Amino acid sequence: MKKHWHGGNTKVGVLGGGQLGRMMIQSAINLDIQIHCLDPDPNAPCSAIANSFTCGSLNDFDTVLAFGSDKDVITVEIENVNIEALKVLQSEGKKVFPQPGILEIIKDKGLQKQFYLDHSLPTASFQFIDSLADARGIEFPFVHKLRTGGYDGKGVNVIRKAQELESSFDAPSIIEDLVPLKKELSSIVARNENGDISVFPLVECEFDSEANLVSFLFSPANVSVEVEIKSAEIAKNVVEKLGMVGLLAVEFFLTEDDNLVINEIAPRPHNSGHHTIECCMVSQFEQHLRAILNLPLGDTALIRCGAMLNLTGEKGFEGPVHYEGLEDILKIPGLYAHLYGKKISKPFRKMGHLTITGESIDEVRELAIKVKKRLRVIST
Ligand SMILES: Nc1ncnc2c1ncn2[C@@H]1O[C@H](COP(=O)(O)OP(=O)(O)OP(=O)(O)O)[C@@H](O)[C@H]1O
Ligand SMILES: [Mg+2]
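From a predicted model like this one, the values you see are computed outputs, not experimental measurements.

## Examining the overall build of the protein chain
A tally of helices and strands in the protein chain yields eleven helices and 21 strands. In terms of overall dimensions, the protein chain has a C-alpha envelope of 60 × 50 × 45 Å along the principal axes. Here the protein chain, with 380 residues, has 43% of them falling under the buried criterion. Counted over contacts in the protein chain with a minimum sequence separation of 6, partners at least 24 positions apart contribute 63%.

## Points about the site of ligand 1
Inspection of the region around ligand 1 gives 21 residues, with Val143, Gly153, Val156, Glu176 and Val179 positioned closest. Contributing elements (two or more residues each) for the shell around ligand 1: strand E7 (142-146), strand E10 (181-191) and strand E15 (260-266). Each residue belonging to the shell around ligand 1 can be placed in one class, and the counts come to eight nonpolar, five polar and eight charged.

## Here's the deal with the sheet that holds strand E1 (residues 11-15)
Paired through their backbone hydrogen bonds, the strands of a sheet run either parallel or antiparallel. Strand order in the open sheet made by the five strands is E3-E2-E1-E4-E5, with parallel pairing throughout. Strands with a single pairing partner mark the edges of an open sheet, and in this sheet they are strand E3 (52-55) and strand E5 (95-96). Of the strands in this sheet, E1 and strand E2 (34-39) are in contact with helix H1 (residues 19-30), which crosses E2 at around 170°. Most of the contacts of helix H2 (residues 61-68) go to E1, to which it runs at about 160°, and overall it touches E1, E2, E3 and strand E4 (73-76).

## Details of helix H7 (residues 225-242)
Its 18 residues give H7 an end-to-end C-alpha distance of 26 Å, which sits within 8% of 26 Å, the value for a rise of 1.5 Å per residue. Those residues of H7 not exposed but buried are Lys230, Ser231, Ala232, Ile234, Ala235, Val238, Val239 and Leu242. One or two residues past the end of H7 sits Gly243, with phi positive at roughly 70°.

## Examining helix H11 (residues 361-374)
The end-to-end C-alpha separation of H11 is 20 Å, in line with the 20 Å expected for 14 residues at 1.5 Å each. Every buried residue of H11 is accounted for by Val364, Leu367 and Ala368. One side of H11 holds all its buried residues, which, seen down the axis, span an arc of 110°. Exposed side chains of H11 directed beyond 90 degrees from the buried face belong to Asp362, Lys370 and Lys373.

## What about the sheet that holds strand E17 (residues 319-324)?
Taken together, three strands build an open sheet; the order of strands is E19-E17-E21 and the sheet is antiparallel. At either end of the open sheet lies a strand with only one pairing partner, and these are strand E19 (344-345) and strand E21 (376-379). Bridging between E17 and E19 involves two bridges; their strand directions are antiparallel. The residue bridging Pro320 from the neighbouring strand is Ile344, located in E19.

Conventions and cut-offs
- Residues numbered from 1 in each chain as written.
- Chains lettered and ligands numbered in written order.
- Predicted model: local features only at pLDDT ≥ 70, side-chain atom pairs only at ≥ 80, totals over all residues.
- Helix = DSSP H or I, 4+ residues; strand = E, 2+ residues; numbered from the N terminus.
- Buried ≥ 20, exposed ≤ 12 C-beta atoms within 10 Å, placed from the backbone.
- Contact = placed C-beta atoms within 7 Å.
- Near = placed C-beta within 6 Å.
- Nonpolar A, V, L, I, M, F, W, Y, C, P; charged D, E, K, R; others polar.
- Pairing = 2+ DSSP bridges.
- Axes fitted to C-alpha atoms, helices over the stretch in contact; angles between N-to-C directions.
- Expected span 1.5 Å × (residues − 1).
- Arc of directions from axis to C-beta.

Structure (C-alpha cells):
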C-alpha cells in the first residue's frame, strides 16, 4: 500500500544550518515539513528559524549519529560531514539522501574525477599527485586542485609558471588540463526514490576572478538548443549513474568549440539555483525536499528570465553588517532580496543574494549591472 503523506509529522534533519538550509526551511513551511538543523556556529542562518537547532560539529561521528537518530530523513546542505555516522544511520534503516556512499565520492575531487572516467562522462583530463614535488616537471599551464576540503574556489589554483606552483598546495591533489572555456554553465537535476528525474533550465555563470565566486548568474543561458539539450542529457545521466536521490548541481564548462565537460558536481541545492525561487514553477529547495521525501517532482519550467547576484562582504570591511543602498534598490519592480541573517560581514563572505526578474535576458542583465553598482555590503 502507498505510504500516506504525514505532513507536519515528517522530521527532516539537515547537516548544516547555512543559507541553503534557511531557504530549504522557507519551502518546508509550505509543505508542512519539519526541518531540524545541525551546525557548529550558534549564530548560523538557520539557528533562529529551524524547528530545532543543534549546535555541534558536522564532522564528529557521535554528534552526527545522535542528531540523526530521531529524524525520518537526513540530508545535507554541505558535503564536508561525517560520512561514517551517516553510513551507520543508513544501515539502521534511516533514509539518508544524498546517500553516504555518494557523498564520499563527491567530497573527494579525485574520486569524483575517477567516477566520470569510469562512466564515460565528459570531463577534463587529469592525473593524481600526492604532494607538490610530484607536480614539478608537468608542463604549464594546468589547474591544481585539492582533493578534499576546498570550497568557493579556495582549493583551486591555475598554475602558469614555476613560481605559482611553489606557493600552491602541498597535499594530495589533482592536476587538471586548463580548459579553454567560453562559458561556465550549471544544470540542476533532481531524482526521487521512484527514479523520476527532472532537470531545471540551464544557467549561465559569470565569475569574479578575484573572489573566485559567481558574480552574476543568468537563466535562461545564452546557448544553442543543442547545448541546452545535451547538458540536460548529461545531468540526467550523472544522477542516474550515481543512483542518487535528491538534488544534484552539475557545473559545466562550455569549451571554445562548443563541447560540454563536467567541472564538478554538488549533491544539494546550489548557488546557481537561487533564481528558481522566483523564476521557475518550482524552486530548487522545494524540489530537493520533494526528491528526498519521494514526492512527485515539481515542474521546472522557467516562468520569467532572471539574473542572480551574490551579495558578498566588501573587501576591507569586517564587522556588523550594513547593506548600503538596499532601501534604494528595493524600489525596483521585479527585484527580490534574500538576506541570510549573518550578523558579521567579512570580505567575500556570502551575506545574501538578489534576484532580478524580467521579460528578457538583456533587460535583467542591464538592471543587474546597475544594481551591483548601487549596493555595497559593508560594516557599521
Ligand atoms: N580545468 C579548468 N580549466 C579552466 N578553469 C577551471 C578549471 N577548473 C576550475 N576552473 C575555474 O575555477 C573555478 C573553481 O573551480 P571548482 O568549481 O573546481 O572549485 P570549487 O572551489 O570546488 O568551487 P565552488 O566555487 O563551486 O565551491 C571554476 O568555476 C573555473 O572558473
Ligand atoms: Mg565549482
